[in-house]
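Topology and contacts: notes
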Amino acid sequence: ARTQDHVRTAFHFQPAKNWQNDPNGPVYYNGMYHLFYQYNPHGALWDVGNLSWGHSVSGDLVNWAALGNALDPTAPFDANGCASGSVTILPDGTPGILYSGIDTDRRQVQNIAFPKNPRDPLLREWAKPAYNPVVPLPADVSANDFRDPTTAWLGRDGLWRFAISAVADGVGATLVYRSADFLRWERRATPLHASRDAVMAECPDLFPVATRGGAEEGLDTSASGKGVRHVLKVSMPDTLEDYYAVGTYDDGADTFTPDEDGDYRSWRRIDRGHLYASKTFFDARRSRRVLWAWVNESDSEADDVARGWSGLQSFPRALWLDGGGKQLVQWPVEEIETLRTRRAPPLEGAELEPAGGLREVTGIRSSQADVDVVFEIPSLGRAEGLDPSRLADPDALCREKGASVRGGVGPFGLLVMASGDLHEHTAVFFRVFRLLHEYAVLMCTDLSRSYTKADVYKPTHGGFINVDIEKDMSISLRTLIDHSIVESFGGGGRTCMTARVYPEHVVTGSSHLYVFNNGSDAVKVSKLEAWELASASVNVDDDGGLVG
Ligand code: FRU
């Protein structure tokens, strides 16, 4: 039996056991969703030489059946590990995997794989042709700095392209390769984008978004032309943060120019919390673009080993361009609603009194829940003043002004995964500040009291939300709670924040959920929907259904 079962999630994607990291090759194919992922079949820790591609399938992005590994490190061109990559559906309907192999000489090279039997609806077995690698290590790239090919797209010239991370000639760059037949690839002279940042940005993703103001519609990866903008996303390994920019992709030169100047670290974050190596795919079934990402553990390796597993995938999110055209909006895919069971009695209209107002949300098992709440504020009169220089570091601001620090407008929000005595709790909350001529809305996830266990990383995550508080006079928050993960979407998904928590009270008792207010004015809960979620069937060993 596993120890620490209370940490395991109920509706997030995990293999039955062992280590997982990056999502690889997500795709909707033939009526089925596929997720591949970086997987160590031999243990709970990352071990590059053992990296395989785990593989699961789903009809609804919620319930998953585990299949055998799609790729294992068995060939000369991947003997030291099958690293990250993607899936592209070719014009004849065949899906192809492009992935980074670490070869017998420990060089990173790019390989291709195809289904052994294209008529197998589950795409169970994959063949790696002997002509691999299709892209060897270039002379100006060092052996460790060439990986993570994206889903390929077709240019208007009829040629395929994929993008890939590299350090070329000492400069961190996202390179583009082009091909007529998907097998012979040629590097473009100019990178898609280059950065002065010394660290190699991993896991690039380039995808189109529709400009029609706030349209939730997603586009096929090869879409281009009028009404289409592009997003480039990269992952920074030293801080485990994902950054993106909205910009212009020139399909003649194969270059990407961000709308706003600056290096990766000045770009926007996919998530202001704990989330990495994100990757999107176009879901033709519902015409939307969906994002997956790896959410690693933040307690110790010894804990991972004791549990026998490590790492989650974020709950899949639909994403689209916000009406203003400057940023993305992300929202849990609607299929999550199929898990909703009991609903908490409504608190609509409840007043949270100033300086300590607290109401419990009762009637549901709140350790697996979907909470959608709107807080209404009476006035901005008491908003605390803020020096504009503080806008640069919202994490620090949240650290300084935690949930228990009295404020003007806010802090108010949710206390989740809370013990009955509130000794342990994770606070997700807002604070409104007054700048010279405008207001700034801060969103925080405060982990300082989230669990009593000593010596573990308990960061405070912060981010500003781009909402018009003077017009709205309210702020919305959607939070998904699943035992050891708390994923929050502020302002309708304009700022997202994922956190890992390891509360101890759940070993012997149940978890509580509250709305709170520690500001100077009363706050009204104008909407509160809190649902208990049923456990999904996620890669359980005894799932006979799909694997058959
Ligand atoms: C990102 C990453 C990728 C690499 C993979 C190996 O987390 O380092 O760059 O392909 O993980 O597991």
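Structure shown above.
Description of the structure in this document. Everything numeric in this text was worked out from a predicted model, so none of it was measured.

**Brief notes about the overall build of the protein**
Counting its secondary structure elements, the protein contains three helices and 39 strands. Computed over C-alpha atoms, the radius of gyration of the protein comes to 23 Å, within 12% of the 24 Å expected from 2.2 N^0.38 for 548 residues, which places it in the range of a compact globule. Along the three orthogonal principal directions, the C-alpha set of the protein runs to about 70 × 55 × 40 Å. Residues counted as buried form 60% of the 548 residues belonging to the protein. Contacts spanning at least 24 positions in sequence make up 64% of the contacts within the protein whose residues lie at least 6 apart. Working note: accessible area of the protein is about 20,200 Å², and carbon and sulfur atoms make up 48% of it.

**Points about the site of the ligand**
Looking at the ligand, there are 13 residues lining it, with D22, Q38, R147, D148 and E202 nearest. In the complex, 91% of the free accessible area of the ligand, which totals 320 Å², lies under the protein chains. Those elements that place two or more of their residues in the shell around the ligand are β1 (18-29), β5 (82-89) and β15 (202-210). Of the residues that constitute the shell around the ligand, the class distribution is six nonpolar, three polar and four charged.

**So, the pattern of salt bridges**
Enumeration according to the criterion identifies 44 salt bridges in this entry. A salt bridge links D395 to R272; its shortest N-O distance comes to 4.0 Å. Here D395, found in helix α2 (residues 394-400), pairs with R272, found in the loop between β19 (268-269) and β20 (276-283); they are 123 residues apart in sequence, far enough to count as distant. D395 gets classed as buried once you look at its relative accessible area, which sits at 18%.

**Some remarks on the pairing of β1**
With 12 of 12 residues buried, β1 lies mostly within the body of the structure. Summarising the sheet, β1 and strand β22 (residues 309-310) pair through two bridges and their orientation is parallel. Bridged to N18 within β22 is W309. Pairing of β1 with strand β2 (residues 32-40) involves seven bridges; the strand directions are antiparallel. Bridging from a neighbouring strand, Y29 pairs with M32 of β2.

**A word on the sheet that holds β5**
If you trace the four strands from one edge of the open sheet to the other, you get β5-β6-β7-β8, paired in antiparallel fashion. A strand with exactly one partner marks an edge of an open sheet, and here the two such strands are β5 and β8 (126-127). By the bridge criterion, two bridges tie strand β7 (residues 108-115) to β8 in an arrangement that is antiparallel. If you follow F114 over to β8, its bridge partner there is A127.

**So, the packing of aromatic side chains**
Counted by the stated rule, this structure contains 26 aromatic pairs. Ring centres of F36 and W53 lie 5.6 Å apart, and the angle between their planes is 50 degrees; on these two criteria the pair is classed as tilted. Of this pair, F36 sits in strand β2 while W53 is found in strand β3 (residues 52-58), placing the two residues 17 residues apart along the sequence. Classification of W53 by relative accessible area gives buried; the value is 0%. With a centroid separation of 5.5 Å and an interplanar angle of 10 degrees, the aromatic rings of F162 and Y177 are classed as stacked. One end of the pair, F162, is in strand β11 (residues 160-168); the other, Y177, is in strand β12 (residues 171-179), and 15 residues separate them in sequence. Here F162 and Y177 have matching classes, each one buried. One Lys or Arg, R269, reaches over the ring of Y243 and ends 5.9 Å from the middle of that ring. Over the ring of W309 we find R307; its NZ or CZ atom is 5.3 Å from the centre of that ring.

**Topic: the state of the cysteines**
Going through the model one piece at a time under the given rule, you end up with one disulfide. Between the sulfur atoms of C398 and its disulfide partner C444 the distance amounts to 2.0 Å. What sets the handedness of the C398 and C444 disulfide is the S-S torsion sign, and at about -80 degrees it is left-handed. Of the two residues, C398 sits in helix α2 while C444 sits in strand β33 (residues 439-446), which places them 46 residues apart along the sequence. One exposure class covers both C398 and C444, and it is buried. Free of any disulfide, C203 has its nearest neighbouring cysteine sulfur in C82, separated by 15 Å. With no disulfide of its own, C496 has C398 as its nearest cysteine by sulfur position, at a separation of 15 Å.

**As for the layout of surface pockets**
Taken as a whole, the largest pocket spans an internal volume of roughly 800 Å³. Looking at the largest pocket, it is lined by 34 residues, and the ones nearest its centre are R268, F464, I465, N466 and T495. Contributing elements (two or more residues each) for the lining of the largest pocket: β17 (241-250), β19, β25 (328-332), β33, β34 (460-465), α3 (469-472) and β37 (495-500). Along the lines of polarity and charge, the residues of the lining of the largest pocket split into 17 nonpolar, seven polar and 10 charged.

**Remarks on the sheet that holds β3**
In space, the five strands of this open sheet follow the order β4-β3-β2-β1-β22, with mixed pairing throughout. For this open sheet the edge positions go to β4 (65-71) and β22, each flanked by a neighbour on one side alone. Inspection of the sheet shows β2 paired to β3 by seven bridges, in the antiparallel sense. From the neighbouring strand, Y37 faces β3, where its bridge partner is G54.

**A few points about the nonpolar core**
Ranked by size, the top nonpolar core spans 48 residues in total, and within it F375, F430, L513 and V515 carry the most contacts. The biggest single contributor to this core is strand β31 (residues 409-418), with five residues. In contact with V515, not counting residues within four places along its chain, are L347, L352, G357, L358, R359, V373, F375, G413, L414, V525 and L528. Membership of the second largest hydrophobic core comes to 24 residues, among which are F11, Y28, Y37 and L339.

What counts as what
Residues numbered from 1 in each chain as written. Predicted model: local features only at pLDDT ≥ 70, side-chain atom pairs only at ≥ 80, totals over all residues. Heavy atoms only, no water. Helix = DSSP H or I, 4+ residues; strand = E, 2+ residues; numbered from the N terminus. Rg over C-alpha atoms; globule rule 2.2 N^0.38 Å. Buried < 20%, exposed > 50% of the residue type's maximum accessible area, 1.4 Å probe, protein only. Contact = heavy atoms within 4.5 Å. Areas by Shrake-Rupley, 256 points an atom, 1.4 Å probe, with all protein chains shown as cover. Near = heavy atom within 4 Å. Nonpolar A, V, L, I, M, F, W, Y, C, P; charged D, E, K, R; others polar. Salt bridge = Lys/Arg side-chain N within 4 Å of Asp/Glu carboxyl O. Pairing = 2+ DSSP bridges. Phe/Tyr/Trp six-rings, centres within 6.5 Å; stacked < 30°, edge-to-face > 60°. Lys NZ or Arg CZ within 6 Å of the ring centre and 35° of its normal. Disulfide = S-S within 2.5 Å. 1 Å grid on protein atoms, 1.4 Å probe; cavity = no way out; pocket = protein on both sides within 12 Å on 5 of 7 lines; lining within 4 Å. Points joined across faces, edges and corners; volume = space filled by probe spheres on them. Core = buried A, V, L, I, M, F, W, Y, C linked by side-chain atoms within 4.5 Å.

This is a description of form; function is not addressed.
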